[in-house]
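# Residue-level structure breakdown
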Amino acid sequence: MTIKQNVSQILSELPEGVQLVAAAKTRKPEEILEAIEAGIKIVGENYVQEAERAYELIANKAKWHFIGHLQKNKVKKAVKIFDMIETVDSFELANEIDKRCAQIGKVMPVLIEVNIGREAQKSGVLPENTEQLAKEISALPNIRLMGLMTMGPLSGDPEDSRPYFVAMKKLFEKMKKVELPNTEMKYLSMGMTNSYKIAPEEGANIIRIGTKIFGERN
Ligand SMILES: *Cc1c(COP(=O)(O)O)cnc(C)c1O
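Summarised in this report is the structure supplied together with it. (Residues numbered from 1 in each chain as written. Predicted model: local features only at pLDDT ≥ 70, side-chain atom pairs only at ≥ 80, totals over all residues. Heavy atoms only, no water.)

Turning our attention to the overall build of the chain. Of the regular secondary structure elements, the chain holds 9 helices and 8 strands. Against the 2.2 N^0.38 benchmark of 17 Å for 218 residues, the chain shows a C-alpha radius of gyration of 16 Å, consistent with a compact globule. Here the C-alpha coordinates of the chain stretch approximately 45 × 40 × 30 Å along the principal axes. A total of 218 residues make up the chain; the buried ones form 52% of that total. At a minimum sequence separation of 6, the contacts of the chain that also span at least 24 residues come to 62%. (Helix = DSSP H or I, 4+ residues; strand = E, 2+ residues; numbered from the N terminus. Rg over C-alpha atoms; globule rule 2.2 N^0.38 Å. Buried < 20%, exposed > 50% of the residue type's maximum accessible area, 1.4 Å probe, protein only. Contact = heavy atoms within 4.5 Å.)

Pasting the structure below:
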């Protein structure tokens, strides 16, 4: 199947109100462009440097979401390119994003990344620390908190992801009830190639797909 066919198929299966992010790590700008021509509206990037190269060619043809682990020293470049940063997991990072956005007169929509599987090697805040971080972020004028994101533990069987998605949805609903300034709990980003059908069933309204669009990564 071509990239175009893959995108068409996924879009045709996507429930209404669910946004599709094409996770583009390691892909050539030409491949990303092909996905956009097939209907992709949001490109997800894990690395700032890779994003810069693709952005040169593609720029305004899509929205750009940062979905990787963002290092502090890359924030200055990242805030210029990205329309959303999905992976904020510390106040230090949020504060740096706020500072760099203030310098260019931008308000950055962000999601808090949650380590819902409590995996030692994964980024993200633990579920019980989400509210505290949300509070801290809500005081930053150049960031707008707009929801939650998770990777979740990877496994061969998509059904293994379901309990984690259910837990995320519960946390998301709880966070919606917390009244915070400058905050709009609107997006729940979860589900990848392996689990993209299950995640929207459990409340995801952003899913991030790489392999099923572009093929296996080398
Ligand atoms: C790579 C990646 C994806 C997509 O993974 P696939 O299994 O290739 O669909 C989604 N989210 C994040 C954060 C990623 O790094």
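A separate point is the side chain of E119. In this fold, E119 is placed in the loop between β5 (108-113) and α6 (130-138). A relative accessible area of 17% means that E119 is categorised as buried.

This part covers the nonpolar core. Nonpolar side chains in soluble globular proteins generally cluster together in the buried interior. Counting 65 residues, the largest nonpolar core has I97, L148 and I213 as its most contacted members. Those residues in contact with I213, other than ones at most four positions away along the chain, are I3, N6, V7, I10, A22, A35 and I40. If you look at the next biggest cluster of nonpolar residues, it comprises 8 residues, including I42, L111, M149 and I206. (Core = buried A, V, L, I, M, F, W, Y, C linked by side-chain atoms within 4.5 Å.)

Below, the discussion takes up the pairing of strand β7 (residues 183-189). Most of β7 is tucked away: 5 of the 7 residues are buried. Pairing geometry for strand β6 (residues 143-149) and β7, over 4 bridges, is parallel. Note on β7: the bridge partner recorded for M149 is S189. A crossover links β6 with its parallel partner β7, the connecting element being helix α7 (residues 162-177), and its sense is right-handed. (Pairing = 2+ DSSP bridges. Right-handed = clockwise from strand over helix to strand, strands pointing away.)

What follows covers the pairing of strand β1 (residues 19-23). β1 sits mainly inside the fold: 4 of its 5 residues count as buried. The sheet contact formed by β1 and strand β8 (residues 206-209) spans 4 bridges and is parallel. Within β8, the residue paired with Q19 across the bridge is I206. Here β1 runs beside strand β2 (residues 42-45); their pairing, made up of 3 bridges, is parallel. When the sheet's bridge partners are listed, A23 is paired in β2 with G44. Viewed along the sheet, the connection from β1 through helix α2 (residues 29-37) into β2 turns out right-handed.

Turning our attention to the site of the ligand. Close to the ligand lie 13 residues, the nearest being K25, N46, T193, G210 and T211. The side chain of T211 places a nitrogen or oxygen atom 2.6 Å from an oxygen atom of the ligand. A distance of 2.9 Å separates an oxygen atom of the ligand from a polar side-chain atom of R217. For the ligand, the protein covers 92% of the area, taking 390 Å² as the surface of the free molecule. Broken down by class, the residue content of the shell around the ligand amounts to 6 nonpolar, 4 polar and 3 charged. (Near = heavy atom within 4 Å. Polar contact = N/O pair within 3.5 Å; in protein donor to acceptor, adjacent residues only side chain to side chain. Areas by Shrake-Rupley, 256 points an atom, 1.4 Å probe, with all protein chains shown as cover. Nonpolar A, V, L, I, M, F, W, Y, C, P; charged D, E, K, R; others polar.)

The topology assignment puts D83 in the loop between α4 (75-81) and β4 (84-88). In this structure, the C-alpha to C-alpha distance between D83 and V110, residues 27 residues apart in sequence, is 8.9 Å.

Moving on, we come to the environment of M192. Examined against the element boundaries, M192 turns out to sit in the loop between β7 and α8 (198-201). Looking at M192, the relative accessible area reads 22%, which means it is partly exposed. Counting along the chain gives 40 residues from M192 to G152, while the straight-line C-alpha distance between them is 9.7 Å. In this structure M192 touches M151, L154, R208 and I209, once residues within four positions along its chain are discounted.

Let us look at the packing of α2 against helix α3 (residues 48-58). For the pair α2 and α3, interaxial distance at closest approach is 9 Å and the crossing angle is 55°. Taken together, the axis directions place α2 and α3 in an arrangement best described as oblique. Along this stretch, α2 crosses α3, giving a crossing that reads as right-handed. Between α2 and α3, the residues in contact are P29, E30, I32, L33 and I36 and R53, A54, L57 and I58, respectively. Grouping the constituent residues of the contact of α2 with α3 by class yields 7 nonpolar, no polar and 2 charged. (Axes fitted to C-alpha atoms, helices over the stretch in contact; angles between N-to-C directions. Parallel < 35°, antiparallel > 145°, perpendicular 65-115°, else oblique. Left-handed = near helix turned anticlockwise from the far one by under 90°.)

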